[in-house]
Amino acid sequence: MSIARSMLQLKSHFPLYLGGKPIFNAGSCFSVKDKYTNKVATIVSSATSQQIDEAIMFASGSERELRGVPLYERKNILNTIVEKLKERFEEMSQYITVETGKPIKISRVEMLRAIDTFTLASEEVQRLHGYTERYDYSSTNTGVRGRVERFPRGLVSCITPFNFPVNLIAHKIAPAIAVGCPFVVKPSPKTPVSALVLGEILAETSLLEKSWSILPCKNSLAPLFVEDPRIKMVSFTGGLEVGMAIKRSAVNSVSTSLTLELGGDAATIIDDYDLDLNKLADTLLFAGMYQSGQSCISLQRLFVHENKYSQLLKLLVEKAQKLAIGDPLNVNTMISPLITMDAAVKVEELVQDAIERGAKCHCGGKRKDSLYYPTILTDVPKESRLSQEEAFGPVIYVEKFKDWKKVIERVNSSRFGLQAGIYTDNVFKIEYAFNNLEVGGVVVNAPCASRADAQPYGGIKDSGFGREGLKSAMEEMTEVKTMLMKNIDKY
């Protein structure tokens, strides 16, 4: 269902949430633009440095009380969020589309995934358990047993990007609620509205008020969400440069745990076997072009066996030229503006650099304001910027290969290592790829852009470290404590 832009109804001013309460900052606010019209859509309150400090004080002070909240109450909180998300599904989908510029059909998928994320968290709550084990494997440990449990680390600082303004916040706060960690959230200043609507929902639950805050603010205040010693964990999703700065800042505190998801230049390999190439071309094109390529696992590098290369390339180019471009509130739209003009200019520069170095552009390769047209390239030189950087735009470059082991090496030549996809019917090649691809996840018979919200998700090399996905994130947000017991059976 498409949405008439005249039917949109956004509040004129959204408050921030400090200690679980809405706060309107009349003297400190910023505008959020509709990314399609480039007109101001609404105003949001912007947190001051004093308010950020106060939020951290509230949250850190609630750690002990929050730890004592019983599991059934945490589960009830998460289930309440799920029901509220369902009630506000279409409204929030529209907010996502307006502030990100992503097509409405993709925003609706994000909402479905956010519902899944909170649902999974509510289910994982009941699986929070420890274990006991015997240590009398040696005479020196006669009568010794161990009890091992996980305890919440404490205050989690959540710093999130623009591209999934609901689900990427969900992936941080849902596990925090599940394990009993207080949290502060710094959403992207480009897309804070969805986060604040999520704040409205949190305020309707029984979650301890002072244990959480959602604080839109200018990026210059971001260090306050990292360097404060009261913060026990930083969970960041975003660009490499900022992620490395966070890593350097947090290194000053040995007690601060980090999870960094820093993106990449994800690849997919197509082997030579019986495939429906027409259907495959649709799947691959979606993997590279959905929300205009603004996803950390968007297909950027495509390696195709020489026997399939020409036919698949032809299909990709033909289909890319037919993708619907325009208003993201139209349900048929596939390509819409990038998040900012600067983002589109960067994609343009990467593509132009590749072309100047010898790459061939089969379609696209041009920009109109913040819109970049879907682009398919071949013969991209290894020394080009596009071959070394994350494009974060609607660009796929295609290479042919002959040898399976060599193409694995080619994928591994990247500085990044988030996720890779492989298409093959050979179980030995699957096993070889899984053992040798230098990535955090390998997707079999689907593109690199596939993700299940329950999976352990994260990268290696310059794609970061640590894992999200509900169970994995809950482990990251807790720490192991062991109790040794001697002769407790000697009553």
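Residues numbered from 1 in each chain as written. Predicted model: local features only at pLDDT ≥ 70, side-chain atom pairs only at ≥ 80, totals over all residues. Heavy atoms only, no water.

**Structural notes on the packing of helix H9 (residues 277-289) against helix H10 (residues 306-320)**
So, point 1. Between H9 and H10, the shortest axis-to-axis distance is 9 Å and the interhelical angle comes to 55°. As far as their axial angle goes, H10 and H9 are oblique. When the axes of H9 and H10 are compared, the crossing they make is right-handed. Where H9 abuts H10, its residues Leu277, Asn278, Leu280, Ala281, Asp282, Leu284 and Leu285 lie against Lys308, Gln311, Leu312, Leu315, Leu316, Lys319 and Ala320.
So, point 2. For the contact of H9 with H10, the per-class residue count stands at 9 nonpolar, 2 polar and 3 charged. (Axes fitted to C-alpha atoms, helices over the stretch in contact; angles between N-to-C directions. Helix = DSSP H or I, 4+ residues; strand = E, 2+ residues; numbered from the N terminus. Parallel < 35°, antiparallel > 145°, perpendicular 65-115°, else oblique. Left-handed = near helix turned anticlockwise from the far one by under 90°. Contact = heavy atoms within 4.5 Å. Nonpolar A, V, L, I, M, F, W, Y, C, P; charged D, E, K, R; others polar.)

**Some points on helix H8 (residues 240-250)**
Residues that lie three or four places apart on an α-helix share one face, since the helix turns once every 3.6 residues.
So, point 1. Within the span of H8, buried status applies to Leu240, Gly243, Ile246 and Ala250. End-on, the buried residues of H8 take up no more than an arc of 120°, which puts them together on one face. Those residues of H8 that are exposed and aimed more than 90 degrees away from the buried face are Glu241 and Arg248.
So, point 2. Turning to H8, the residues buried within the fold contact strand E8 (156-159), strand E11 (233-237), strand E12 (257-261) and strand E20 (416-417). (Buried < 20%, exposed > 50% of the residue type's maximum accessible area, 1.4 Å probe, protein only. Arc of directions from axis to C-beta.)

**Quick word on the pairing of strand E4 (residues 29-33)**
So, point 1. Of the two faces of E4, only one is covered, namely that formed by Phe30 and Val32; the face formed by Cys29, Ser31 and Lys33 stays uncovered.
So, point 2. Alignment of E4 against strand E5 (residues 40-45), held across 5 bridges, turns out to be antiparallel. The residue bridging Lys33 from the neighbouring strand is Val40, located in E5.
So, point 3. Where E4 folds back onto E5 in an antiparallel hairpin, the turn is made up of 6 residues, including Asn38, whose phi is positive at roughly 65°. (Pairing = 2+ DSSP bridges.)

**What to know about the side chain of Thr268**
So, point 1. Turning to its location among the elements, Thr268 is positioned in strand E13 (residues 267-270).
So, point 2. One polar contact links the side chain of Thr268 to the main-chain amide nitrogen of Cys448, over a distance of 3.1 Å.
So, point 3. Not counting the four nearest positions on each side in its chain, Thr268 is found in contact with Leu284, Leu299, Arg301, Leu302, Phe303, Gly421, Tyr423, Pro447 and Cys448. (Polar contact = N/O pair within 3.5 Å; in protein donor to acceptor, adjacent residues only side chain to side chain.)

**Let's talk about the sheet that holds E5**
So, point 1. The strand order across the open sheet built from 3 strands is E1-E5-E4, with neighbouring strands paired in mixed fashion. Strands at the two margins of the open sheet, each flanked by one partner only, are strand E1 (13-14) and E4.
So, point 2. Examined bridge by bridge, E1 and E5 share 2 bridges and lie parallel to one another. Note on E5: the bridge partner recorded for Phe14 is Val44.

**Brief notes about the nonpolar core**
So, point 1. Core analysis: the biggest nonpolar cluster contains 50 residues, and Leu85, Phe118, Ile173, Phe183 and Leu202 have the highest contact counts within it.
So, point 2. It is helix H6 (residues 167-179) that provides the largest number of residues to this core, a total of 8 residues.
So, point 3. Tyr273, Leu316, Leu323 and Met334 belong to the second largest nonpolar core, which has 40 residues in total. (Core = buried A, V, L, I, M, F, W, Y, C linked by side-chain atoms within 4.5 Å.)

**Describing the packing of aromatic side chains**
So, point 1. Overall, the coordinates contain 5 aromatic pairs when judged by the stated rule.
So, point 2. Judged by centre distance (6.1 Å) and plane angle (85°), the rings of Phe14 and Tyr95 are edge-to-face. Remark: Tyr95 occurs in helix H4 (residues 89-100) and Phe14 occurs in strand E1; sequence separation between them is 81 residues.
So, point 3. Look at Phe14 and you get buried, because its relative accessible area is 0%. (Phe/Tyr/Trp six-rings, centres within 6.5 Å; stacked < 30°, edge-to-face > 60°.)

**Details of the sheet that holds strand E7 (residues 144-152)**
So, point 1. Strands sit in the order E6-E7-E25 across an open sheet of 3 strands; the sheet is antiparallel. Two strands lie at the open edges of the sheet, namely strand E6 (131-134) and strand E25 (478-486), each paired on one side alone. Taking the axes of each pair of neighbouring strands and ignoring which way they run, one obtains an average angle of 25° across the sheet.

**Focus: the packing of H6 against helix H7 (residues 193-202)**
So, point 1. Across the interface, H6 lies against H7 with an axial gap of 12 Å and an inter-helix angle of 25°. Accordingly, the angle class assigned to the pair H6 and H7 is roughly parallel. As for the relative orientation of H6 and H7, their crossing is right-handed in sense. Between H6 and H7, the contacting residues are Ile169, Ile173 and Ile177 on the first element and Ala195, Leu198 and Leu202 on the second.
So, point 2. Within the contact of H6 with H7, the residues separate by chemical class into 6 nonpolar, no polar and no charged.

**Observations concerning the side chain of Asn412**
So, point 1. Its place among the elements puts Asn412 in helix H12 (residues 404-412).
So, point 2. With relative accessibility at 15%, the residue Asn412 sits in the buried group.
So, point 3. Among residues more than four places away in sequence, those in contact with Asn412 are Asn436, Leu437, Glu438 and Lys461.

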